[in-house]
Amino acid sequence: MDREPTAPVPTVGSAKVNAFVNLAAARSYEWAHVQYPLAIMVGHRQCFTVEVAVKFRVLGAVQINVAGQWLRVERPRRRALLAYLLLSANTTVTVARLTEALWGPHPPSTSRSQLKNDLAAIRRNLAEAGYPDLLRTQTAGYQIDLEPGDLDLLVFTQRVQQAESELAAGRAAPASDLFRSALSLFSGPALADLRAWFTESAQSRLEELRLAVAEQLAEVDLLLGRHLWQIAELTELVAQHPLRERLRGLLMVALYRGGRRAEALAVARDLRKVLIEQHGLDPQQEFTELEARILRGDPGLAPEPDHPISTQVPAQLPKDIYAFVGREVELKRLAAVADEVDGPNLLLIAGNAGVGKTALATHWAHRIAPSYPDGQLYLNLRGFDPGSNPIEPLDALARFLRALGADDAEIPREVDEAAALFRSLLAGRRMLVLLDNAHSAEQVRPLLPGARSCLVAVTSRRALHGLIAHEGAHLLELGVLCADDAKELLSTVLHDGSFAVDVEATDELSRRCGYLPLALRLAAAHLTCHRHLPIARYTSELAGDDPLAALDRSAGETATVSAAFGVSYRELSPAAQRMLRLATLAPGADFSLATAAALTGQTFVQAGQSIGELRAMHLINEDQPQRYSMHDLLRSYCSARAMDEDSAQARSDATRRMIDFYGETVHHAYPLLQPVRAKIAMELAHPPLETLEFSDRAAAIDWYDKERESLLGAIELAFANGWFASAWQLNCTLFPFFLLRRHWPEWLRALQIALAAAEQAQDLNARLITHNIFGIACRQMGENASARHHFTCALELGTTVGAPSRIAAAHVNLADVCIAEGRLEEGVAHLRIALQDPGYGHEPALASVTYHTLGCALLDMQDLGEAKAALTKSLELAHASGDPLMAGYAHLNLSEVALSQAQVGTARAHAEQQLELAVQTSDPLLHATALDVLASCLAVKSLPTAREHWRSALRLYRELNHRREQSLADWLATIETQAEPVALTDLQDVRLHQRHLR
């Protein structure tokens, strides 16, 4: 036989109400208004449905209930065999029928033995699941015995029969509940995971059964006036089954009753097109008649009087914001996104507490409200309200549904059902929905309309990444006001004709409020209520140790800035709370991920998780990649939290971890800037779990530039906490960074602290090293007397402790001072002493510096041959030690020697090599001097080109505040109008003057 064996699938009863032509017949029913929809749980609708412990599923994937968990038989053929037995429950199935069900009319020769093995395996599976006696062997075959509640298909059939009984008795509302309850048993396509001979026909019959019941449910809902609820469900079903005329007819009635006649007729036209193009047919007469009735507006298609079509147009936007100022950039961006034809219809405004998210969203919503004539919905979701919990999605949906005209009896009790109704009511409308103060994506998602004609704006302290990833939300992250807008806000609120606004004081007050709109408004309110309080005096209160307390006095208990911050803080995990507290110990304006890891004693990955949580809550800002800052008022709040929640020891340990992290990092970076470091053994109480590694010199310099303020603060913190070794060691290890960037006031302040720390530690070696570096700083600034003092102290301390190499270094540095002061012979004598020390003179990096200084002295003494030899030796040693900076300065002075010898080509070659090294090392002074000497080389042939190089050098000298600036500016003024090349003799005079300004 070629036919497929028929699996016994129950049929739906024939009791129907024809939604197309016989609407009036249903009006005699006794309406029973029952809450909709039916939740399938014990006790919700006890008179009609009691939940039973279903043991097996076939309305979806074939599964077995094992102790509350749904599992499936692993092997596909055995799963199919079990499904066929379940579909044939309570009847005996012969071996021949089972064989044909699995393999069809041409089974394999081993089918009998395979079937026997499969049945034995199923019996074992059932026993393991707790159903040992369910599968019985009969004389004629096999049988599974089930109670009515054991199989989802049997429960489905029972509920459909109950629904039809209720409908026959004129109780449409309970019938609707039961139909929907039955349909909810489908978890997907029936027998979804089966591949056997019988499955295709069984699946088709079960799908037809589902559609028939869905059509009955739609008819009953239409009779109940629930046409708006059905639009979304019927639209989806029609899309899945475009040729099913009855579904289309029901959808047309629902649309027509919803006031959307044009769309209802479009559904009919679409069916005609599909039928003609694919089958060459016309719709049936019943469908054609329905189309004609809709076309002429037949009163018989009108909804029941008890269920009129809602024409309510909600206008729920709160009052526009008083004294709204600024935000023009953000308003333009919101408008551009809203106007984009194919752009997102979901906008997310996220930012920290008090930053003005609600104000911006409300003001913008009022601006665009006329573009949404079907109304505006607004709801404060209370995601971060002090003293209240976030509004549940079902509660929010109920409020919106009531605003759209639904009464309480019509509002579903399940979130999914209510959300579907909400989408149906908004379908085809152009509405604006403002969801303020959202807590999570899960809270927002059910409140989103399905129609693209609606626009939704959400505000939240969180970034709500789920909405961005899955719903395509456009994110606008909101910061504080700019300074001008903050001042305008204060001035607008304060200036009412009777209050004299002090402009200068208002500027300072804005700054003390951190330009945070909430703080600005509270400050303005306080001043308005205390009209005799000068702004300057109130501002001085905010400048005290506790600015938050001063601001909080301006508001009620729950409207304070502290209260706003507190809600966000309590939303954090304990780890993120701890990080936020300890981050206030960081001394700079911002901090890095690595610094946060050190403060909390975590790895970078662990710290990154907390950082991500803080970023998502907009409690910290990522101003640069992996660098974070927090608002000053939030820092004040978190600092207070740290004092309350972290012990003094815990705060001290965190600070020491941070300082040790800086010390370890700078120590590792030192060789990238200078080949030979001072021999300093770093004392680390808490070595970091992870150390930053720099790929090259540029990366190390970039890190220093970003951490400069924090590094200086760390030195001050170390001294203040009595960690004197850390204070002087960190300072001295920063020497190559200080020398490169030449931020003189900062360096001098750090050196003063380091010297005081060395003295407090009573460490002669520390004092020696610090005096030497202090002298170098003074020498770089041209303060030769101070430099001589520090170098002399270093020489004396080196003699005291017996450190020959440090004594030699002091001699070299004293020689540099002597040369600068014109005492050349004395300088050369110091250098000869240094070179006699075997530990110094034979160390390439150290000897390179010594020979370079000797070369400079000999150059000034006009001993050009010896100068060239010394500088060439310095260059060789610099290359040998891998010191590009020293090599650059050797090239500089070799260029000076060549110019003095009128060897312009050689001088230019050295200058160009110096310029390459300057770019490589990112040293601005080396760059400036390279341009300076290169210009001298070019000036003898092309003065315009030379002038451009000198101007570039002048800009760099000016940025460095270098003493050569004025000399070069005077020279440029001299040659400003000169057209001819400069004479070599004039250039030699200029170079000599520049060298004297080393």
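Worth saying up front: this structure is predicted, and the values here are computed from it rather than measured.

Remarks on the overall build of the chain
Helix and strand counts for the chain stand at 44 helices and 13 strands. A globule of 998 residues ought to have a C-alpha radius of gyration of about 30 Å, yet the chain, at 42 Å, is considerably larger. If you line up the chain on its principal axes, its C-alpha atoms span 120 × 90 × 65 Å. Of all 998 residues assigned to the chain, the portion counted as buried reaches 55%. A fraction of 69% describes how many contacts in the chain between residues 6 or more apart in sequence connect residues 24 or more apart. Counting every atom, the chain has about 42,100 Å² of accessible surface; 51% of that belongs to carbon and sulfur. For the chain, the distance from the average site of its 96 positive side-chain charges to the average site of its 119 negative ones is 4 Å.

Remarks on the packing of helix α2 (residues 95-103) against helix α3 (residues 111-128)
Where α2 meets α3, the axes come as close as 11 Å, and the angle between the chain directions of the two elements is 95 degrees. The angle between α2 and α3 places the two elements in the roughly perpendicular class. Across from Val95, Leu98, Thr99, Leu102 and Trp103 in α2, the residues of α3 making contact are Ser111, Arg112, Gln114 and Leu115. Here the contact of α2 with α3 is composed, by residue class, of five nonpolar, three polar and one charged.

With respect to the sheet that holds strand β12 (residues 621-624)
If you trace the three strands from one edge of the open sheet to the other, you get β11-β13-β12, paired in antiparallel fashion. Two strands close off the open sheet at either side, each with one partner strand: β11 (591-592) and β12.

Comments concerning the sheet that holds strand β2 (residues 63-66)
Taken in spatial order, the three strands of this open sheet run β1-β2-β3, and their pairing is antiparallel. Each end of this open sheet is capped by a strand with a single partner; those strands are β1 (56-57) and β3 (69-71). In this sheet, β2 lies alongside β1 in antiparallel orientation, the contact comprising two bridges. Bridged to Phe56 within β2 is Ile64.

Some points on helix α25 (residues 604-616)
Taking 1.5 Å as the rise per residue, α25 with 13 residues should run 18 Å; its terminal C-alpha atoms sit 18 Å apart, in good agreement. Buried residues of α25: Phe604, Ala607, Ser610, Ile611, Leu614 and Ala616, and no others. Taken together, the buried residues of α25 touch α16 (465-470), α23 (574-583), β11, α24 (593-600) and β13 (627-629). Looking at the residues trailing α25, positive phi occurs at His618, about 55 degrees.

Re the pairing of strand β6 (residues 346-351)
Within β6, six of the six residues are buried, which leaves the element mostly enclosed by the surrounding structure. Burial of β6 is two-sided: the residues Leu346, Leu348 and Ala350 facing one way and the residues Leu347, Ile349 and Gly351 facing the other way are all buried. Two elements, β6 and strand β9 (residues 455-460), share five bridges in a ladder whose sense is parallel. Looking at the pairing, Ile349 lines up with Thr459 of β9. In this structure, β6 lies alongside strand β10 (residues 474-478), joined through five bridges in parallel fashion. For Leu348, the partnering residue across the bridge sits in β10 and is Leu475.

What to know about the state of the cysteines
This model, assessed by the stated rule, comprises zero disulfides. We note that Cys732 lacks a disulfide partner, and the nearest cysteine sulfur, in Cys778, lies 14 Å from it.

Describing the packing of helix α39 (residues 884-900) against helix α41 (residues 924-939)
Packing of α39 against α41 brings their axes to within 10 Å, and their N-to-C directions diverge by 20 degrees. If you check the angle between α39 and α41, you find them roughly parallel. The handedness of the crossing between α39 and α41 is left-handed. Every residue of α41 that contacts α39 at Leu885, Gly888, Tyr889, Leu892, Ser895, Glu896 and Leu899 is listed here: Leu925, Leu926, Thr929, Val933, Ser936 and Cys937. Here the residues of the contact of α39 with α41 sort into eight nonpolar, four polar and one charged.

Notes on the UniProt feature "domain: Bacterial transcriptional activator" (unreviewed entry) in the chain
Here, UniProt's "domain: Bacterial transcriptional activator" (unreviewed entry) annotation points to residues 151-295. Annotated as residues 151-295, this span is 77% helix and 0% strand, and its ends, taken at the C-alpha atoms, are 46 Å apart.

Notes on the pattern of salt bridges
Tallied over the entire structure, the rule returns 52 salt bridges. Residues Asp590 and Arg627 are paired through a salt bridge, measuring 3.0 Å at the closest nitrogen-oxygen approach. Taken together, the residues Asp590 in the loop between α23 and β11 and Arg627 in strand β13 connect sequence positions 37 residues apart. Here Asp590 matches Arg627 in class, with each residue buried. Where Glu965 meets Arg958, a salt bridge forms, and the shortest distance between an N and an O atom there is 3.1 Å. For Glu965, a relative accessible area of 18% translates into the label buried. Residues participating in the shared-partner salt-bridge network are Glu208, Glu215, Glu219, Arg244 and Arg246.

The rules behind these values
Residues numbered from 1 in each chain as written. Predicted model: local features only at pLDDT ≥ 70, side-chain atom pairs only at ≥ 80, totals over all residues. Heavy atoms only, no water. Helix = DSSP H or I, 4+ residues; strand = E, 2+ residues; numbered from the N terminus. Rg over C-alpha atoms; globule rule 2.2 N^0.38 Å. Buried < 20%, exposed > 50% of the residue type's maximum accessible area, 1.4 Å probe, protein only. Contact = heavy atoms within 4.5 Å. Areas by Shrake-Rupley, 256 points an atom, 1.4 Å probe, with all protein chains shown as cover. Lys, Arg positive; Asp, Glu negative; His and termini not counted. Charge placed at Lys NZ, Arg CZ, Asp CG, Glu CD. Axes fitted to C-alpha atoms, helices over the stretch in contact; angles between N-to-C directions. Parallel < 35°, antiparallel > 145°, perpendicular 65-115°, else oblique. Nonpolar A, V, L, I, M, F, W, Y, C, P; charged D, E, K, R; others polar. Pairing = 2+ DSSP bridges. Expected span 1.5 Å × (residues − 1). Disulfide = S-S within 2.5 Å. Left-handed = near helix turned anticlockwise from the far one by under 90°. UniProt positions renumbered as here; feature names shortened; annotations may be inferred. Salt bridge = Lys/Arg side-chain N within 4 Å of Asp/Glu carboxyl O.

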